[in-house]
Amino acid sequence: LEEILQKHRPPDGSVNLELARTLELKGDFEGAVRNYEAAATREPQRRDATLELARLCKKTGNRDRAAELLAGLRTAFPDDRAIEMELNALRSGRP
């Protein structure tokens, strides 16, 4: 995935999103954050990447950043149940 990014730089952020997920699974949270952020700047990956980034922030103890990201998503996608569920989990202190 990193090789694809270096050679081709797909404009939609899809490779960044997949790379972020892979890095998160490997425990490279810094690399995952970097790639979630890159994917979150592009459509159509914006919603998914930002939601994953918020989940990772919550998981790693950065609850303020998670809340900020989720609030922005709720504004952009007001009827999205997944976003609302993540906000409720964050407020209740659930993982």
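Here's what I pulled together on the structure shown here.

Calculation rules
- Residues numbered from 1 in each chain as written.
- Predicted model: local features only at pLDDT ≥ 70, side-chain atom pairs only at ≥ 80, totals over all residues.
- Heavy atoms only, no water.
- Helix = DSSP H or I, 4+ residues; strand = E, 2+ residues; numbered from the N terminus.
- Expected span 1.5 Å × (residues − 1).
- Contact = heavy atoms within 4.5 Å.
- Core = buried A, V, L, I, M, F, W, Y, C linked by side-chain atoms within 4.5 Å.
- Buried < 20%, exposed > 50% of the residue type's maximum accessible area, 1.4 Å probe, protein only.
- Axes fitted to C-alpha atoms, helices over the stretch in contact; angles between N-to-C directions.
- Parallel < 35°, antiparallel > 145°, perpendicular 65-115°, else oblique.
- Left-handed = near helix turned anticlockwise from the far one by under 90°.
- Nonpolar A, V, L, I, M, F, W, Y, C, P; charged D, E, K, R; others polar.

1. Quick look at helix α3 (residues 29-40)
Step number 1: Relative to the 16 Å expected for 12 residues at 1.5 Å per residue, α3 spans 16 Å between its end C-alpha atoms, a close match to the ideal helical length.
Step number 2: Those residues of α3 that are buried lie in contact with α1 (2-8), α2 (14-26) and α4 (46-59).

2. Some details on the nonpolar core
Step number 1: Counting 23 residues, the largest nonpolar core has Tyr36, Leu70 and Ile83 as its most contacted members.
Step number 2: At 6 residues, α4 tops the list of elements feeding residues into this core.
Step number 3: Non-local contacts of leucine 70, meaning those with residues more than four positions away in its chain, are made with Leu51, Ala54, Ile83, Glu86, Leu87 and Leu90.

3. A short note on the packing of α4 against helix α6 (residues 81-92)
Step number 1: Relative to each other, α4 and α6 sit at 15°, their axes nearing to 11 Å. Taken together, the axes of α4 and α6 are roughly parallel relative to one another. The two elements α4 and α6 cross, and the hand of that crossing is left-handed. Between α4 and α6, the residues in contact are Arg47, Leu51, Arg55 and Lys58 and Ala82, Ile83, Glu86, Ala89 and Leu90, respectively.
Step number 2: Tallied by class, residues from the contact of α4 with α6 come to 5 nonpolar, no polar and 4 charged.

None of the figures reported here should be taken as evidence of function without further support.
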